[in-house]
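# Analysis of the macromolecular model
Listed below, chain by chain, are the residues.
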Number of protein chains: 2
Amino acid sequence: MKIIIDCLGGDNSPKANVEAALLALRKHSDLSVVLTGDETEIKKIIEARGMGLDRIEIVHAPDVITGDDKPTDAIRLKKDSSMMKAIRLLRENDDMEALVSTGATGALVASTILRIGRIEGVRRPAFCPVIPNMKGGVVGICDSGANPMVTPDILLQFAIMGSRYMEAVYKIKNPRVGLLNIGTEAEKGDDLRREAYKLLSENKEICFAGNMEARELLSGDYDLVVCDGFSGNVLVKSVEGTALQLMKKIKGDIYSKKKYKLGALFMKKMFEEEKEFMNYQNYGGSVMLGAEKTIVKGHGSSDRKAVLKCIDQAYRMVKIGLNKKTAESIRKSMPEE
Amino acid sequence: MKIIIDCLGGDNSPKANVEAALLALRKHSDLSVVLTGDETEIKKIIEARGMGLDRIEIVHAPDVITGDDKPTDAIRLKKDSSMMKAIRLLRENDDMEALVSTGATGALVASTILRIGRIEGVRRPAFCPVIPNMKGGVVGICDSGANPMVTPDILLQFAIMGSRYMEAVYKIKNPRVGLLNIGTEAEKGDDLRREAYKLLSENKEICFAGNMEARELLSGDYDLVVCDGFSGNVLVKSVEGTALQLMKKIKGDIYSKKKYKLGALFMKKMFEEEKEFMNYQNYGGSVMLGAEKTIVKGHGSSDRKAVLKCIDQAYRMVKIGLNKKTAESIRKSMPEE
């Protein structure tokens, strides 16, 4: 199996990305990697680890796409960037099955949509991050930004793609799918939601658990939430923002009084665990579901361990034949001609 | 000034509502109240406080609308409910200027839209809750559920109505308005957002601060966020859900080890303050902006103090002539004929 690793664009790139690739090679004997980035730098990191170039290809790509680049411009103009070279390699080589990147999300999502084919029958690839719930499990959010505008049948496809994904990667049997809505009753929301509710209820490839209000996201009652990319983006970012802001506030308050600081000493380990619990990196990368090739996006702040997790995730998705399973499920759900 | 108080439907109704009304009467000498609910019960509470019926009208309405009632059914069938009687009184009596309720949100929003007129020029009333930000201030979210589907000019009206409201009630000068979007650049989002961005940028009645991503809601950089009712609802509920779930988790973790429990003893006051900080009740009720009459919705769990806050808020909105200011602002923003 050959996985491309975009070695630029993350906060800890290229070091974390290259070192993670080396660890992945050691872990999976049937794996080869293609590293895109500054060739000299990449080689230096590999040498520093005392490793050779066995099962490693390096494709020189000195330019980097940042969050400040407008995605469509970046795709058009930054052809020598590590991400665009990686996308081109993925597109043009049948034996390269997956891509792992910690670079700019917008550019990765846009270039997947514009440059990479879709699984047969899939109308739109969707971006699906996974976040921890309060019962020690996780919940996937599909779509969380790739498709601001959708139709009911596209939402159904998100449910199918997401279900197969949660089964394959997080080993959840019959993932409970919630439809993000502004109330739980079947008739709630706009026409899009009402029609989607009907389609989801009738489909046999998924386990539909009804409408889900945003406040229930972390409850552990749902394994996957389907939504248009606009409200999905709002959902993910507000959970993230609230958790971060709240922990920041608590931290600030602790430092405001000696007594609190003293108390916090006893709870140091607990707060560290909370922080670790909320660290998205621990739950793997976000994936572009529905694309013909496997694409995993690690958080920009990913360290070596987190990038390795993303590579493992991509490896697993390819190994298990997720795309084939998804295609099969989508095919079964298509209206008979 | 005459304010109607719906005395049923809250967790602490009718006691909290009636007692709050009595406190409001003591506070504002020019205020009269109309109480809807079970007459015998209401009278009993007033007597228990040793008060007479001066400046108090009681309208008997024994039935209650709950969160389980489908709003449109409730409006049609529960005509004897305290909320529907209150809405009818508000509609039919020119001297009754405001309504405060702690009852079912859906029914109150729907009945405002169906039964109460709009301020001249306003296309859609919007539901606007206010939540605390991390800099000790507040941020309003307009709309957060009344209008799942909107147009760019309706979003502009939300910005105008919300701005006048944040000025009048929270005394914020030139409230900074953010447009909820999935990125900060002007061209982000769908057609609705791009067109709204343009309208908001050009309008002179508001202080537009650009697109706002959901994670910035609590940052303190925005005083008002405008959005369609669908994503606004997702936003408010996910902030609420995340904060509650996170505090619950921390509480659970504290109880998991003796050492943590000990540490928490030193921090008891701090945690109480966090809880108080996150208590929506402390920031006033949510309002239906754009309605011809003033309508304030207190949280279902409102205690006497919280209901009093809602009455004060309604009193202030009427006193300051918010609806007139809003009409004026809307008029100035209308395209010239």
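Residues numbered from 1 in each chain as written. Chains lettered and ligands numbered in written order. Predicted model: local features only at pLDDT ≥ 70, side-chain atom pairs only at ≥ 80, totals over all residues. Heavy atoms only, no water.

As a further point, take the overall build of chain A. Broken down by element type, chain A carries 12 helices and 12 strands. Taken over the C-alpha trace, chain A has a radius of gyration of 21 Å; the compact-globule value for 337 residues is 20 Å, and the two agree within 12%. When each of the 337 residues of chain A is scored for burial, the buried share is 58%. Accessible surface for chain A amounts to roughly 14300 Å². Of this, 50% is attributable to carbon and sulfur atoms. Averaging the positions of the 52 positive and the 47 negative side-chain charges in chain A gives two centres separated by 5 Å. (Helix = DSSP H or I, 4+ residues; strand = E, 2+ residues; numbered from the N terminus. Rg over C-alpha atoms; globule rule 2.2 N^0.38 Å. Buried < 20%, exposed > 50% of the residue type's maximum accessible area, 1.4 Å probe, protein only. Areas by Shrake-Rupley, 256 points an atom, 1.4 Å probe, with all protein chains shown as cover. Lys, Arg positive; Asp, Glu negative; His and termini not counted. Charge placed at Lys NZ, Arg CZ, Asp CG, Glu CD.)

Residue and element names in this part refer to chain B. Overall, mixed pairing links the seven strands, which are arranged β3-β2-β1-β4-β12-β11-β5 in an open sheet. Strand pairing shows two members of the sheet lacking a second neighbour, β3 (56–60) and β5 (126–128), which therefore form its edges. Neighbouring strand axes in the sheet, compared pairwise and without regard to direction, differ in orientation by 20 degrees on average. Sheet topology places strand β2 (residues 32–37) next to β3; five bridges connect them, and they run parallel. Residue V33 lies in a different strand from β3, and its bridge partner there is I56. Across the sheet, helix α5 (residues 105–115) touches β4 (96–101), β5, β11 (286–289) and β12 (294–297), and the angle it forms with β12 is around 170 degrees. (Pairing = 2+ DSSP bridges. Axes fitted to C-alpha atoms, helices over the stretch in contact; angles between N-to-C directions. Contact = heavy atoms within 4.5 Å.)

Further remarks concern unusual backbone geometry. The omega torsion across C142(A) and D143(A) is 10 degrees, close enough to zero to call that bond cis. Structurally, the position occupied by D143(A) is in the loop between β7 (138–142) and α6 (152–170). For K171(A), which is not a glycine, the phi torsion comes out positive at approximately 55 degrees. Secondary-structure assignment places K171(A) in the loop between α6 and β8 (176–180). We note that R55(B) has phi near 60 degrees; this positive angle belongs to a residue other than glycine. Relative to the assigned elements, R55(B) resides in the loop between α2 (39–48) and β3. The class for R55(B) is partly exposed, based on a relative accessible area of 29%.

Another point: the relation of the copies chain A and chain B. Mapping chain A onto chain B is achieved by rotating through 180 degrees and translating by 0.0 Å along the same axis, at an RMSD of 0.0 Å. Both copies of the chain, as the preceding transformation shows, are related through a two-fold rotation axis. Measuring from the rotation axis to each C-alpha of chain A, the shortest distance belongs to G263(A), at 2.0 Å. In this assembly, 100% of the residues forming the interface of chain A have copies in chain B that are likewise at the interface, indicating an isologous arrangement. (Least-squares fit on C-alpha atoms with pLDDT ≥ 70 in both.)

In this section: the sheet that holds strand β7 (residues 138–142) of chain B. All names here are of chain B. The sheet built from five strands is open, its strands ordered β6-β7-β10-β8-β9 with mixed pairing. Single-partner strands in this sheet number two, and they are β6 (130–132) and β9 (207–212). Strand-to-strand twist in this sheet, taken as the mean axis angle between neighbours without regard to direction, amounts to 30 degrees. Sheet analysis places strand β8 (residues 176–180) next to β9, joined by four bridges and oriented parallel. Bridge pairing links V177 to F208 in β9. Contacts between helix α6 (residues 152–170) and the sheet are confined to β6, β7, β8 and β10 (224–226), with β10 contributing the most and set at about 160 degrees to the helix.

By the secondary structure assignment, K325(A) is in helix α12 (residues 322–333). Not counting the four nearest positions on each side in its chain, K325(A) is found in contact with R164(A) and I320(A).

Turning next to empty space enclosed by the protein. Scanning all chains against the criterion turns up four cavities of 30 Å³ or more. Computed from the structure, the largest cavity encloses a volume of approximately 80 Å³. Mapped onto the lining of the largest cavity, the elements with two or more residues apiece are α8 (229–254) of chain A together with β6, α8 (229–254) and α10 (268–278) of chain B. Its residues assigned to classes, the lining of the largest cavity shows 10 nonpolar, one polar and no charged. (1 Å grid on protein atoms, 1.4 Å probe; cavity = no way out; pocket = protein on both sides within 12 Å on 5 of 7 lines; lining within 4 Å. Points joined across faces, edges and corners; volume = space filled by probe spheres on them. Nonpolar A, V, L, I, M, F, W, Y, C, P; charged D, E, K, R; others polar.)

Let's shift gears to the pairing of strand β4 (residues 96–101) of chain A. Residues and elements named next belong to chain A. Of all six residues in β4, five are buried, a share of seventy percent or more. Relative to β4, strand β1 (residues 2–6) runs parallel, the two sharing four bridges. Residue I3 lies in a different strand from β4, and its bridge partner there is A98. In this sheet, strand β12 (residues 294–297) lies alongside β4 in parallel orientation, the contact comprising four bridges. Each residue of the ladder has a partner; that of A98, found in β12, is T294.

Glancing now at the packing of aromatic side chains. This structure, assessed with the given rule, holds five aromatic pairs over all chains. With 5.2 Å between their ring centres and 80 degrees between their planes, Y197(A) and F208(A) make a pair best called edge-to-face. Here the residue Y197(A) occupies a position in helix α7 (residues 191–202), and F208(A) occupies one in strand β9 (residues 207–212), the gap between them amounting to 11 residues. In this structure, R193(A) is placed above the aromatic ring of F230(B), and the distance from its NZ or CZ to the ring centre is 3.6 Å. Note that K249(B) overlies the ring of F277(A), its terminal NZ or CZ placed 4.4 Å from the centroid. (Phe/Tyr/Trp six-rings, centres within 6.5 Å; stacked < 30°, edge-to-face > 60°. Lys NZ or Arg CZ within 6 Å of the ring centre and 35° of its normal.)

All names here are of chain B. In this model α6 runs 26 Å from its N-terminal to its C-terminal C-alpha over 19 residues, within 8% of the 27 Å that 1.5 Å per residue would give. Counting buried positions over the 19 residues of α6 gives 16, a clear majority of the element. Following α6 by one or two positions, K171 has its phi on the positive side, about 55 degrees. (Expected span 1.5 Å × (residues − 1).)

What follows covers a positive patch on the surface. Residues and elements named next belong to chain A. On the surface, K79, R88, R91 and R115 cluster together to form a positively charged patch. Within the element layout of this structure, R115 appears in helix α5 (residues 105–115). R115 gets classed as partly exposed once you look at its relative accessible area, which sits at 32%. (Patch = residues over 30% accessible without salt bridge, like charges linked within 9 Å, V, L, I, M, F, W, Y side chains within 5 Å. Salt bridge = Lys/Arg side-chain N within 4 Å of Asp/Glu carboxyl O.)

All names here are of chain A. For R49, the location among the structural elements is in the loop between α2 (39–48) and β3 (56–60). In this structure, the C-alpha to C-alpha distance between R49 and I182, residues 133 residues apart in sequence, is 53 Å. Beyond its immediate sequence surroundings of up to four residues, R49 is in contact with E19, L22 and R304.

What follows is about the nonpolar core. Counting residues in hydrophobic clusters, the biggest one holds 150 residues, and the most contacted among them are L35(A), Y165(A), I3(B), L35(B) and Y165(B). Core analysis: the next-biggest nonpolar cluster, separate from the first, contains 36 residues, I141(A), C227(A), L218(B) and Y280(B) among them. (Core = buried A, V, L, I, M, F, W, Y, C linked by side-chain atoms within 4.5 Å.)

Worth remembering: the numbers are spatial, not functional.
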